[in-house]
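Structure at a glance
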Amino acid sequence: MNLVIFDCDGVLVDSEPLVNRIEADYFTALGAPMTMEQACARFKGKTVEQVATALASGIGRPLSVEFGYDWAMATALGLVEHLQPVPGVKDLIESVRAAGAAVCVASQSPLPRVRLSLHVTGLDRYFGEDVFTASMVGNPKPAPDLFLFAAQRMGISPQETAVIEDSPSGVVAARAAGMRVF
């Protein structure tokens, strides 16, 4: 493998329990009661737009402009205060790089959130500008677009690329891209 593409949430950073708690609390207050486990089951691997659409449908009304801002700020504050890298991931990244493979990030999350997560955990030093998100392509995971885009930007063929993923939509996307997936 000449390139390893890392998903961000749940693979590089241990954000999912933290974000699921924030979402469950915030969405319950809006009138869509849910637990952390339900938030995870409903939203894992989804884009912000997909989550907001599901939430609006669940409460039976459009979301306010303030909703998006408040949700983003609550999430950012939680990340800044509590986010940690996944145990052992720094060693894994260093091993992959030492073996001569390039690394990058491909995430469903918005670019500012991914950059914040990488910065807070100190993982940004491994990836630099090689961070790609669903907003950069026409179709999010489970479509292969994001992984194909990342490999193309990194100058490496899909056949020479491995993906490390934790969501069903990400696994489907990596396989559809013709990449090896872990």
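Before going into details, it helps to say that this report is about the structure given with it. (Residues numbered from 1 in each chain as written. Predicted model: local features only at pLDDT ≥ 70, side-chain atom pairs only at ≥ 80, totals over all residues. Heavy atoms only, no water.)

**Re the environment of glycine 68**
- In this structure, glycine 68 sits in helix 4 (residues 65-82).
- Sequence separation between glycine 68 and valine 48 is 20 residues, and the spatial gap between their C-alpha atoms is 9.4 Å. (Helix = DSSP H or I, 4+ residues; strand = E, 2+ residues; numbered from the N terminus.)

**Quick word on the packing of aromatic side chains**
- Counted according to the given criterion, the structure contains eight aromatic pairs.
- When the centroid spacing of 6.0 Å and the interplanar angle of 70 degrees are considered together, the rings of phenylalanine 6 and phenylalanine 127 count as edge-to-face. Placement of phenylalanine 6 in strand 1 (residues 3-6) and of phenylalanine 127 in helix 7 (residues 124-127) is noted, with a sequence separation of 121 residues between them. Each member of the pair, phenylalanine 6 as well as phenylalanine 127, is classed as buried.
- A centroid spacing of 5.8 Å and a plane angle of 90 degrees characterise the contact between phenylalanine 132 and phenylalanine 149, whose relative ring orientation is edge-to-face. Taken together, the residues span a long stretch of sequence, with phenylalanine 132 in strand 3 (residues 131-133) and phenylalanine 149 in helix 8 (residues 145-154) at a distance of 17 residues.
- Three or more aromatic residues link up through ring pairs in this structure, and these residues are Tyr26, Phe27, Phe43, Phe67 and Trp71. (Phe/Tyr/Trp six-rings, centres within 6.5 Å; stacked < 30°, edge-to-face > 60°. Buried < 20%, exposed > 50% of the residue type's maximum accessible area, 1.4 Å probe, protein only.)

**Considering helix 9 (residues 168-176)**
- Among all positions in helix 9, only Ser169, Gly170, Ala173 and Ala174 are buried. For helix 9, the angular spread of buried residues about the axis comes to 130 degrees, placing them on one side. Away from its buried face, by an angle of more than 90 degrees, helix 9 presents the exposed residues Pro168, Arg175 and Ala176.
- Considering only its buried residues, helix 9 is in contact with helix 8, strand 4 (161-164) and strand 5 (180-181).
- Two residues or fewer past helix 9, glycine 178 is found with a positive phi of approximately 80 degrees. (Arc of directions from axis to C-beta. Contact = heavy atoms within 4.5 Å.)

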